[in-house]
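Here is what each chain is made of, one letter per residue.
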Amino acid sequence: MLRVLDWRCDVNAPMNFENGTRPDGTAERLVVIGNGMAGCRAVEEILDRDPARYAITIFGAEPRVNYNRIMLSPVLAGEKRFEDIIINSAEWYDENGITLISGDPVVQIDRETQTVIAQSGRVEPYDRLLIATGSDPFIIPVPGHNLPGVVTFRDLDDVDKMLAAAQGGGSAVVIGGGLLGLEAAHGLSLRGMQVTVVHLMPTLMERQLDEAAGWLLKAELERRGQTIVTGGDTAEIVEKDGHVAAVKLKDGREFPADIVVMAVGIRPATGLAKASGLEVERGIMVDDHMVTSDPAVLAVGECVQHRGTCYGLVAPLWDMCRALADHATGTPSGYEGSVTSTKLKVSGIDLFSAGDFSGGEGCEDIVMRDAARGVYKRVVVKEDRLIGAVLYGDTADGNWYFDLLKKGEDVSEIRDALIFGQAFASGGALADPNAAVAALSDDAEICGCNGVSKGKVIETIKAGACSLDAVRSQCKASASCGSCTGLVESLLKLTLGDDIQSGPKTVCKCTSFSHDDVRRLILEKELKAIPQLMQELHWTTPDGCHSCRPALNYYLLAAWPGEYEDDQKSRFVNERMHANIQKDGTYSVVPRMWGGLTNPRELRAIADVVEKYNAPMVKVTGGQRLDIFGIRKEDLPAVWADLNAAGMVSGHAYGKSLRTVKTCVGSEWCRFGTQDSTGLGVKLEQMTWGSWMPHKFKIAVSGCPRNCAEATIKDFGVVCVDSGYELHVGGNGGIHVRATDLLCKVATEEEAMEICAAFIQLYREQAHYLERTAPWIERVGLDHVKAGLFDDPEAVRKLAARFRYSQQFMQDDPWARRAAGEDSELHQHLAEVRPLEFA
Amino acid sequence: MMIGDWLDIGPVDQIAPGNARTLPVRGGEEIAVFHTLDNQFYALVNKCPHKQGPLSQGIVHGGVVTCPLHNWNISLKTGEALGDDEGCVPTIPLRVDAGRIYLLREAVVGQKSTKAA
Ligand code: SRM
Ligand SMILES: Cc1cc2nc3c(=O)[nH]c(=O)nc-3n(C[C@H](O)[C@H](O)[C@H](O)COP(=O)(O)OP(=O)(O)OC[C@H]3O[C@@H](n4cnc5c(N)ncnc54)[C@H](O)[C@@H]3O)c2cc1C
Ligand code: SF4
Ligand code: FES
């Protein structure tokens, strides 16, 4: 995200009085508004430097002394008591001659007369004013937001309200899945409440975490019994007898609530400053010495905006307070902004995030995952410097990374070992992973999942296993979760030098697993979501790439029909838009024409669409249907609505799915026709349309061996003969033309359809993503396919049943859903910009 | 001052992570606004440096979008083509504030117009 430069940066040089006394010789009067963490720390810093300099008065809205606000979470969770988190006791104020006026908020600043006025009417003059009002919790103005029982999480009074509510057990809804919300949720569930967290974004703590870590966090909190609703947009807070009763979402879901905690964000508390005419943007504008637009007024803490940034964590406040005190005591230094890091204070969950991990040009991601230990580590390196880190499950090295990051140290030396942490990386020679592995003893365990020792792996390699895959199959090392793949690869290098054979193609550079491994492990480990799969199989990138995401999406869809939720953003544009993108960014639309049949109604509808949306071209495709070209993405849903109205559905000309079923006229009309090829083609298309496949799939039915429908260059082809139907598979008329292999011959249409369904399912379950039936059969052999279908007499029936089951979920027309408004944001512009001269 | 220099194009939740949305500009180039899976926001002119493919329609991974036409990988941060490919598309300064997305006005309306409005 872009950083706006604060226009006030460095503009006013520090005010620098020689001595701190006023004309009448008494000490200057420093008034502090805000008895919180920054205000009191600033005073401490000033006292350290020059205890006699100021006569200090502190106003505090809260009726108590200064305490450690960040420890309110442990207090709520019952791990600490208020007494334990007090920072400055009443004695401290007395000993330092500070007048504390607590429970009496300042309501006005008069910069003319240099006085502040408190709620009680008390007027206090100042020579120097320090504003440290912190921030106010943001409250989303939904209906019911001001009902009794709706609380925020900012001070002790809030905590007391929550504890009171928790007395009666019951249920709580926390709105906001950021740091604050999750700590509130944790505390309340420890206090015995049924907690639901409603978060607007799809990822928890999205400001600090990436998708992978956010998913792990969600899974853990759910395991602990919290209900986590991501992508949940609050519509209203439901009332019952004048008190909150539930939270209702825009999608209609409703969650019972005896208390609602709003933790959706904070706003710098700038009201006073604004009213007094000080420069205010998001926060009170300050320069590098924490001086506001009025040289007599300083500001510090969450309420300020420095160089365009407002902070919400304590670390930066400490730096601000130092610079402020240096300036206020006449030895100006200057604050230059802070890099922040985040930890979540939820016992048992280790989570750390710092810096920038948004990737991009010149950035290199180094990712390490250990599913067994539930660990995800990601560091981002740019130009040999560490610029960001996300750690989940093992944060031991968090501070080390943060240190490298802040110091901007050159990490090229330890690059290879960086992700393994300080101990490993600073291990000199061991910084080279190979050397480290070489140093391991023979009985050291390499593969935890299958208990394989280093000695055993080397033995296996010496016995002839020259590739990662050979090792996996022969001694099972790294065959399960893959976390030891690196070690095994090192052992291969050490034992064989350059004679290593590279194994079968991996899915992509994000993993060391092949397509077959991934498909097997999805079932073995019951993987049902992309982030889960990437974690369990140790993906080496945070969120995959454009080759693995679509593949994984298909594999999960094929493995868990009806259960897996299709991931739009992992689909190639044509499948996301349900149309074929053209070189000019417009789309082509191909409605289904069952078996190549059409009628006046359909043709009229198509003609009308062509005119209505002035499509520049219509053409008969090679698949026996019509293709309408040049439709803009905004118009697609309307076009589809018109076509639906005439009974037409998507032809999936864009999909890795059933494309067309070509037919010839057959026995209905043709003098040579032996069977009703047209009728069978229509039935086959009605059975198979909508099914997602590893690649596109084409069918044809010819009424006789003259084969007008070109059935023998299709993925599944039927050639009718007098005695029945010849079923052919694995044809391709494309880049490498391949004629089909004859699979078998059957007597009835029913058998032909059953075997078609079974063959498709076998292909769907076994082929690699983007592998058409032709190369698939070339790879595994026709015998393998025949065995899969016919060895077990039940196989055809079982496969066909699995196909029909998954078809239940696939055969609803995507065009109809889009025409009805689903995913409309994919079709609509955000807005249109019209500069005046064009408006 | 923000109001003057920054163009408010609405709340962040209009763009789901991993997606992009478009912003046509009269007399200028259409802009694509991206939301990555690690919740960063970027804005680029919606034209691939290769053959003007609409980048908004590509698959987003890390800080990169893969062009839907011929799979060039474009850095969302710098607009530069990654790997062996060469070319660069203009980026539009963007900031997110209090849940809303802002584009630097001069970068949006000040574009050198190539297509007539
Ligand atoms: C429209 C059409 C040409 C036409 O005007 O006739 C067509 C157009 C495209 N074909 Fe085709 N193919 C079309 C029939 C064919 C045929 C003939 C057939 O299906 O009988 C073949 C050879 C037979 C075969 O596929 O085995 C064919 C072999 C290909 C191939 C090479 C496939 C292969 O395995 O080698 C590709 C590239 C690919 O899929 O990776 C391809 C890809 C494409 C794409 C989808 C390229 C793309 O990804 O954008 C073209 C986009 C069309 C669009 O924008 O609407 N098209 N394509 C035909 C649509 C058929 C339909 O109604 O759905
Ligand atoms: C539950 C919780 C957990 C947190 N956990 C962490 C964490 O783990 N790590 C981290 O770095 N940060 C954490 N924070 C944030 C951290 O507490 C704040 O960044 C820090 O307290 C800001 O200090 P401040 O002095 O600017 O504001 P505050 O500490 O809020 O102090 C401002 C004070 O000014 C008072 N005030 C406001 N207006 C007036 C007025 N008109 N007159 C008189 N007094 C006024 C307020 O009552 C308040 O007491 C947490 C915050 C909360 C609420
Ligand atoms: S080739 Fe066969 S099916 Fe085709 S038209 Fe002639 S007779 Fe009919
Ligand atoms: S137009 Fe983008 S890759 Fe060709």
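It should be emphasised that the depicted structure is a prediction, and the values quoted were computed from it without experimental measurement. (Residues numbered from 1 in each chain as written. Chains lettered and ligands numbered in written order. Predicted model: local features only at pLDDT ≥ 70, side-chain atom pairs only at ≥ 80, totals over all residues. Heavy atoms only, no water.)

1. Some points on the overall build of chain A
Phase 1 of the analysis: Looking only at helices and strands, one finds 26 helices and 38 strands in chain A.
Phase 2 of the analysis: Per-residue burial over chain A gives 55% buried out of 839 residues.
Phase 3 of the analysis: In chain A, 63% of the contacts between residues at least 6 apart in sequence involve partners at least 24 apart.
Phase 4 of the analysis: Counting every atom, chain A has about 34400 Å² of accessible surface; 51% of that belongs to carbon and sulfur.
Phase 5 of the analysis: Across chain A, the 88 positively charged side chains and the 117 negatively charged ones have centroids separated by 5 Å. (Helix = DSSP H or I, 4+ residues; strand = E, 2+ residues; numbered from the N terminus. Buried < 20%, exposed > 50% of the residue type's maximum accessible area, 1.4 Å probe, protein only. Contact = heavy atoms within 4.5 Å. Areas by Shrake-Rupley, 256 points an atom, 1.4 Å probe, with all protein chains shown as cover. Lys, Arg positive; Asp, Glu negative; His and termini not counted. Charge placed at Lys NZ, Arg CZ, Asp CG, Glu CD.)

2. Topic: the site of ligand 3
Phase 1 of the analysis: What surrounds ligand 3 is the set A:C664, A:C670, A:F672, A:G673, A:G703, A:C704, A:R706 and A:C708.
Phase 2 of the analysis: Across the shell around ligand 3, the residue classes tally to five nonpolar, two polar and one charged. (Near = heavy atom within 4 Å. Nonpolar A, V, L, I, M, F, W, Y, C, P; charged D, E, K, R; others polar.)

3. Thoughts on the site of ligand 2
All names here are of chain A.
Phase 1 of the analysis: Around ligand 2, a shell composed of 30 residues is seen, among which A38, E62, R154, E302 and K345 lie nearest.
Phase 2 of the analysis: In the model, an oxygen atom of ligand 2 is placed 2.8 Å from a nitrogen or oxygen of the A38 main chain.
Phase 3 of the analysis: Contacts to ligand 2 include R69, whose side-chain N or O atom sits 2.9 Å from an oxygen atom.
Phase 4 of the analysis: In isolation ligand 2 offers 990 Å² of accessible surface; the protein chains occlude 90% of this area.
Phase 5 of the analysis: Looking at the shell around ligand 2, the elements with two or more residues in it are α1 (37-49), β2 (54-60), α5 (179-190) and α8 (314-328).
Phase 6 of the analysis: Class assignment of the residues belonging to the shell around ligand 2 gives a composition of 15 nonpolar, nine polar and six charged. (Polar contact = N/O pair within 3.5 Å; in protein donor to acceptor, adjacent residues only side chain to side chain.)

4. Comments concerning the interface of chain A and chain B
Phase 1 of the analysis: With 53 residues of chain A at the contact, the number on the chain B side is 53 residues.
Phase 2 of the analysis: Here chain A meets chain B over a buried area of about 4600 Å², counting both sides, of which 58% is carbon and sulfur.
Phase 3 of the analysis: Scanning the region where chain A abuts chain B turns up three salt bridges.
Phase 4 of the analysis: Here A:E832 and B:R26 are joined by a salt bridge, their closest N and O atoms 3.0 Å apart.
Phase 5 of the analysis: The interface formed by chain A and chain B holds 14 residue pairs in polar contact (both at pLDDT 80 or more) in total.
Phase 6 of the analysis: If you list the elements that add at least two residues to the side of chain A that touches chain B, you get α17 (548-559) and α18 (573-577) of chain A.
Phase 7 of the analysis: If you tally residues by element for the side of chain A that touches chain B, the top one is α18(A), at three residues. (Buried area = accessible area lost by both parts, 1.4 Å probe. Salt bridge = Lys/Arg side-chain N within 4 Å of Asp/Glu carboxyl O.)

5. So, the sheet that holds strand β17 (residues 254-256) of chain A
Strand pairing in a sheet takes place through backbone hydrogen bonds and is either antiparallel or parallel in direction.
Residue and element names in this part refer to chain A.
Phase 1 of the analysis: Strand order in this open sheet of three strands is β15-β16-β17, and the pairing throughout is antiparallel. Sheet topology places β15 (234-240) and β17 at the edges, where each strand pairs with a single neighbour. For this sheet the average axis-to-axis angle between neighbouring strands, irrespective of direction, equals 30°.
Phase 2 of the analysis: Here three bridges tie strand β16 (residues 243-249) to β17, and the two strands are oriented antiparallel to one another. Considered in β17, the bridge of K248 is made with E254. (Pairing = 2+ DSSP bridges. Axes fitted to C-alpha atoms, helices over the stretch in contact; angles between N-to-C directions.)

6. Examining empty space enclosed by the protein
All names here are of chain B.
Phase 1 of the analysis: Across all of its chains, the model carries four cavities of 30 Å³ or more by this definition.
Phase 2 of the analysis: The space that makes up the largest cavity amounts to roughly 90 Å³.
Phase 3 of the analysis: Per-element tally for the lining of the largest cavity: the top contributor is strand β2 (residues 19-23), with four residues.
Phase 4 of the analysis: For the lining of the largest cavity, a count of residues per class yields four nonpolar, seven polar and four charged. (1 Å grid on protein atoms, 1.4 Å probe; cavity = no way out; pocket = protein on both sides within 12 Å on 5 of 7 lines; lining within 4 Å. Points joined across faces, edges and corners; volume = space filled by probe spheres on them.)

7. Describing the pattern of salt bridges
Where charged atoms of side chains with opposite charge meet at close range, the side chains can pair.
Residue and element names in this part refer to chain A.
Phase 1 of the analysis: For the coordinates displayed, the defined rule picks out 65 salt bridges over all chains.
Phase 2 of the analysis: A salt bridge links D233 to K250, with the nearest nitrogen and oxygen atoms 3.2 Å apart. With a gap of 17 residues between them, D233 in the loop between β14 (227-229) and β15 and K250 in the loop between β16 and β17 connect regions that are remote in the sequence.
Phase 3 of the analysis: In this structure D233 comes out as partly exposed when scored by relative accessible area, which is 26%.
Phase 4 of the analysis: Measuring nitrogen to oxygen at the nearest pair gives 3.0 Å for the salt bridge that ties E754 to R804. Taken together, the residues span a long stretch of sequence, with E754 in helix α22 (residues 749-766) and R804 in helix α25 (residues 795-810) at a distance of 50 residues.
Phase 5 of the analysis: E754 gets classed as partly exposed once you look at its relative accessible area, which sits at 23%.
Phase 6 of the analysis: For R804, a relative accessible area of 36% corresponds to the partly exposed category.
Phase 7 of the analysis: It is possible to trace a salt-bridge network through shared partners that takes in R41, E44, E45, R49 and D326.

8. Describing the sheet that holds strand β37 (residues 724-729) of chain A
Residue and element names in this part refer to chain A.
Phase 1 of the analysis: A sheet is described by the order of its strands in space; here five strands give the open sequence β34-β35-β36-β37-β38, paired in mixed fashion. Looking along the sheet, the strands with just one partner apiece sit at the ends: β34 (658-663) and β38 (741-746). Direction aside, neighbouring strands of the sheet carry axes that sit 15° apart on average.

9. Considering helix α15 (residues 515-524) of chain A
Residues and elements named next belong to chain A.
Phase 1 of the analysis: Considered for burial, the residues of α15 that qualify are H515, D517, V518, R519, L521 and I522.
Phase 2 of the analysis: Where α15 is buried, its residues touch α13 (468-475), α16 (530-536), α17 and α22.
Phase 3 of the analysis: One or two residues past the end of α15 sits E526, with phi positive at roughly 50°.

10. What to know about the confidence of the model for chain B
Phase 1 of the analysis: With 90% of its residues at a pLDDT of 70 or more, chain B shows a mean pLDDT of 87.
Phase 2 of the analysis: As scored by the predictor, the complex reaches a pTM of 0.73 and an ipTM of 0.73. (pLDDT = per-residue confidence, 0-100.)

11. Let's talk about the packing of α1(A) against α8(A)
Residues and elements named next belong to chain A.
Phase 1 of the analysis: With their axes 8 Å apart at the nearest point, α1 and α8 run at an angle of 40° to one another. Considering the angle they form, α1 stands oblique to α8. Of the two possible hands of crossing, α1 and α8 adopt the one that is right-handed. Taking contact as the criterion, the partners of M37, A38, R41, A42, E45, I46 and R49 in α1 are, on α8, V314, L317, W318, C321, R322, L324, A325, D326 and A328.
Phase 2 of the analysis: Taken together, the residues that form the contact of α1 with α8 break down as 11 nonpolar, no polar and five charged. (Parallel < 35°, antiparallel > 145°, perpendicular 65-115°, else oblique. Left-handed = near helix turned anticlockwise from the far one by under 90°.)

12. Considerations on the packing of helix α19 (residues 600-612) of chain A against helix α20 (residues 636-645) of chain A
Residues and elements named next belong to chain A.
Phase 1 of the analysis: Packing of α19 against α20 leaves a shortest axis separation of 9 Å and a crossing angle of 160°. When the interaxial angle is binned, α19 and α20 end up roughly antiparallel. The two elements α19 and α20 meet at a crossing, and its hand is right-handed. On α20, the residues touching R601, I606, V609 and K612 of α19 are V639, D642, L643 and A645.
Phase 2 of the analysis: Residue composition of the contact of α19 with α20, by class: five nonpolar, no polar and three charged.

13. Focus on the side chain of A:R772
Phase 1 of the analysis: Here A:R772 lies in the loop between α22 and α23 (773-780).
Phase 2 of the analysis: Setting aside residues no more than four positions away along its own chain, A:R772 makes contact with A:H695, A:K696, A:K698, A:D715, A:N732 and A:Y763.

14. Thoughts on the environment of B:L69
Phase 1 of the analysis: Relative to the helices and strands, B:L69 resides in the loop between β6 (64-66) and β7 (73-75).
Phase 2 of the analysis: Linking B:L69 and B:K47, residues 22 residues apart in sequence, is a C-alpha distance of 11 Å.

15. Points about the environment of A:C545
Phase 1 of the analysis: Considering the arrangement of structural elements, one finds A:C545 in the loop between α16 and α17.
Phase 2 of the analysis: A:C545 sits in the buried class, given a relative accessible area of 5%.
Phase 3 of the analysis: Along the backbone, A:C545 and A:G103 are 442 residues apart, and their C-alpha atoms lie at a distance of 56 Å.
Phase 4 of the analysis: Not counting the four nearest positions on each side in its chain, A:C545 is found in contact with A:C508, A:K509, A:C510, A:P550 and B:H61.

16. Digging into the side chain of A:T740
Residue and element names in this part refer to chain A.
Phase 1 of the analysis: Note on placement: T740 falls in the loop between β37 and β38.
Phase 2 of the analysis: Judged by relative accessible area, T740 falls into the buried class, the value being 13%.
Phase 3 of the analysis: Once you skip the residues sitting within four places of it in the chain, T740 turns out to touch A711, T712, I713, K714, H728, V729, G730 and G731.

17. Let's talk about the confidence of the model for chain A
Phase 1 of the analysis: Of all residues in chain A, 95% attain a pLDDT of 70 or more, and the chain-wide mean is 90.
Phase 2 of the analysis: Under a pLDDT of 50 for its full length, residues 1-18 of chain A has, in the predicted model, 48 contacts with residues more than four places off or in other chains.

18. Let's talk about the packing of aromatic side chains
Residues and elements named next belong to chain A.
Phase 1 of the analysis: What the rule picks out here adds up to 14 aromatic pairs over all chains.
Phase 2 of the analysis: Residues F697 and F759 carry aromatic rings whose centres are separated by 6.3 Å and whose planes lie at 50° to one another, so their mutual orientation is tilted. Of this pair, F697 sits in strand β35 (residues 697-702) while F759 sits in helix α22, placing them 62 residues apart in sequence.
Phase 3 of the analysis: On the basis of relative accessible area, F759 is assigned to the buried category, the value being 0%. (Phe/Tyr/Trp six-rings, centres within 6.5 Å; stacked < 30°, edge-to-face > 60°.)

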